[in-house]
Amino acid sequence: MINFNRAPFVGTELVFVEEAIRNGKLSGDGPFGKKCQNWFEAHLPAKKTLLTPSCTAALELAAVLVDIQPGDEIIMPSYTFVSTANAFVLRGAKVVFVDIRPDTMNIDERLIEAAITPKTRAIVPVHYAGVGCEMDTIMDIAERHNLYVIEDAAQGMMSNYKGKALGTIGHLGAFSFHETKNYTSGGEGGLLIINDEKFKQRAEIIREKGTNRSQFFRGMVDKYQWVDIGSSFLPSELQAAYLWAQLEGAKLINDARLAAWKYYAEKLQPLADMGHIELGVVPKDCIHNAHMFYFKAASLDERTSLIEHLKHQDIHAVFHYVPLHTAKAGRDFGRFSGDDRFTTAESERLIRLPMWYGIDEATQQQVVDAIIEFYR
Ligand SMILES: *Cc1c(COP(=O)(O)O)cnc(C)c1O
C-alpha cells in the first residue's frame, strides 16, 4: 500500500524526547519549547512566536487577540480547512467567503474589496499548498480599510512571498505541525507568529489562561494572577522536543520534499502537455515548500474514476476540501460574496498524490505509471 502521507521523522526525535523526559519537566515552555520559539524568531524572522497545541489553537488565540466581537465579519476563501472559519465563528463572527483563483487555489485578491462592509474586521488569506497568496495587494487593501490580516500559513513553513516568510507578512500568522504537514511536533502542534509589536504581551497572557504567568517567570511581576480572558494554548515539552529535531533538519526535509515534488512535476508534464491534466502554478514571486503535489483532472467524474483506479493498485491518492460555503455550518455561519466561479468547480477536479519526507523515486514512479496507464 502506498499511503498518502507518513509523519516526518529524521531520527533525533528519539534522542530529544528522551532528554525531555529525563529533564523532569514536561509542561509547556520548557527548554525545548524556548529553543523552538527562538529558532523561529531568528529564522523567519518574527517579533515573537508562541508554540500552540495546533494551528487551530493558534487561529483561535489570534481571534481573541484581535478582539473579534459577535457580528464582526471575517473575509476568507471557502476552499480551506474548517479551523480557518471556526476560530472566528467561536467569537460570534460571520464568515464572508470570497472565490479563489484557479491557478493557485488561493483567495482571489481582486475580489476582496467588494466583500468589505462596515462590519469587516479581518482578512484571513490561506496559503494553499504552501504557495503564497498575493500578499502585497491584500496588505494594501487591509491598510486602506483598517483591517487585520491573519495568515493561515498552516501549510507554509519554509515558503516565502517576495523574500518574506509566509506567516510573517500579516499582523499575525499561524503554522500547523500536524503530522500531515511538512514538519510535526509529534502528530499535533502549531505556532502563532506575531508580527505586530502591540500583540506581544497580551498574546502571552491569553495563552496562559488569562494570567500574567510568563511575566512572573521573567521576574517582571511579584505574583501572577488572572488579568484577562484566556485558555490553555501551550503544547507539552514532549511535542517541542520532537519539533526541535525537525527544526534542526528543516533544510534536509525541505530539500527532499522539493526533489520529490519536482519528480512528479517532470514525469507528469507530458500528460499536461497533451491536455489530460492541469498542474498547479507557483507564481514567480513565490518560493514554495513542496507541501503538496496536486493536479486537476478534467471533471469530477474523471477524478472519481482516477482515485478508484489508483486504489485498485494500492495507491492512496485523495481529494481535498469540500468548500465551506456548501457545508451545513458554512451556510449557518457564513455567506459567499459574489459568484462561486471557481471554488466548487476547481475543488471537484483536484487530486493530491502520495507525498512525504523520505518517499523514494521507485514509489513515485509506481504512482506516475498508474496515472499514465489511466490516461492511455
Ligand atoms: C492543517 C490546517 C489547519 C489546521 O491545523 P491543525 O494543526 O491540525 O489544527 C488549518 N488550516 C489549514 C489551511 C490547514 O491546512
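Conventions we followed
Residues numbered from 1 in each chain as written. Predicted model: local features only at pLDDT ≥ 70, side-chain atom pairs only at ≥ 80, totals over all residues. Heavy atoms only, no water. Helix = DSSP H or I, 4+ residues; strand = E, 2+ residues; numbered from the N terminus. Near = heavy atom within 4 Å. Polar contact = N/O pair within 3.5 Å; in protein donor to acceptor, adjacent residues only side chain to side chain. Areas by Shrake-Rupley, 256 points an atom, 1.4 Å probe, with all protein chains shown as cover. 1 Å grid on protein atoms, 1.4 Å probe; cavity = no way out; pocket = protein on both sides within 12 Å on 5 of 7 lines; lining within 4 Å. Sits in = over half its atoms within 2 Å of the grid points. Nonpolar A, V, L, I, M, F, W, Y, C, P; charged D, E, K, R; others polar. Disulfide = S-S within 2.5 Å. Core = buried A, V, L, I, M, F, W, Y, C linked by side-chain atoms within 4.5 Å. Buried < 20%, exposed > 50% of the residue type's maximum accessible area, 1.4 Å probe, protein only. Contact = heavy atoms within 4.5 Å. Pairing = 2+ DSSP bridges. Phe/Tyr/Trp six-rings, centres within 6.5 Å; stacked < 30°, edge-to-face > 60°. Salt bridge = Lys/Arg side-chain N within 4 Å of Asp/Glu carboxyl O.

Draft legend 1. View of the environment of Val82. Of note, Val82 is situated in helix H4 (residues 82–89). For the pair Val82 and Thr56, spaced 26 residues apart in sequence, the C-alpha separation works out to 9.0 Å.

Draft legend 2. Molecular detail of the site of the ligand. Near the ligand you find 15 residues, and of these Thr56, Asp152, Gln155, Ser176 and Lys181 are the closest. Within the side chain of Ser176, one N or O atom sits 2.7 Å away from an oxygen atom of the ligand. The contact in question runs from an oxygen atom of the ligand to an N or O atom on the side chain of Lys181, over 3.3 Å. Contact with the protein chains hides 93% of the accessible area of the ligand, taken as 380 Å² for the molecule alone. Mapping the ligand onto the cavity grids shows that it belongs to the largest pocket. In terms of residue class, the shell around the ligand is built from five nonpolar, eight polar and two charged.

Draft legend 3. The state of the cysteines, seen in detail. Counting across every chain of the model gives zero disulfides. As a non-bridged cysteine, Cys55 has Cys133 as the owner of its nearest cysteine sulfur, 13 Å distant.

Draft legend 4. Focus on the nonpolar core. Ranked by size, the top nonpolar core spans 45 residues in total, and within it Phe40, Ile75, Phe175 and Phe177 carry the most contacts. Ranked by residues supplied to this core, first place goes to helix H8 (residues 237–248) with six residues. Among all residues touching Phe177, those that are not within four sequence positions of it are Phe40, Leu51, Met157, Tyr183, Thr184, Ser185, Gly187, Glu188, Gly189, Gly190, Leu191 and Leu243. Leu65, Ala154, Ile194 and Leu324 belong to the second-largest nonpolar core, a separate cluster that totals 36 residues.

Draft legend 5. Spotlight on the sheet that holds strand S7 (residues 164–165). If you walk across this open sheet you meet the three strands as S7-S6-S11, and the pairing is antiparallel. This sheet does not close on itself; its edge strands, each paired only once, are S7 and strand S11 (286–287). Relative to S11, strand S6 (residues 160–161) is paired through two bridges, and the arrangement is antiparallel. If you follow Tyr161 over to S11, its bridge partner there is Cys286.

Draft legend 6. The arrangement of the packing of aromatic side chains in detail. Scanning the entire structure with this criterion turns up 15 aromatic pairs. Between Phe374 and Tyr375, the aromatic rings sit 5.0 Å apart at their centres with planes inclined by 90 degrees, giving edge-to-face as the arrangement. When its relative accessible area of 23% is taken as the criterion, Phe374 is described as partly exposed. The buried category is assigned to Tyr375, whose relative accessible area is 13%. One aromatic cluster in this structure is built from Trp39, Phe40, Phe175 and Phe177.

Draft legend 7. The pattern of salt bridges, seen in detail. Under the counting rule described, the total for this entry stands at 24 salt bridges. Asp72 is the partner of Arg121 in a salt bridge, and the nearest nitrogen-oxygen pair spans 2.9 Å. Of this pair, Arg121 sits in strand S4 (residues 120–123) while Asp72 sits in the loop between helix H3 (55–65) and strand S2 (73–77), and the two are 49 residues apart along the sequence. Owing to a relative accessible area of 11%, Asp72 belongs among the buried residues under this scheme. As a salt-bridge pair, Lys162 and Asp285 come within 3.9 Å of each other at their nearest N and O atoms. Highlighted residues: Lys162 in the loop between S6 and S7 and Asp285 in the loop between strand S10 (278–279) and S11, separated in sequence by 123 residues.

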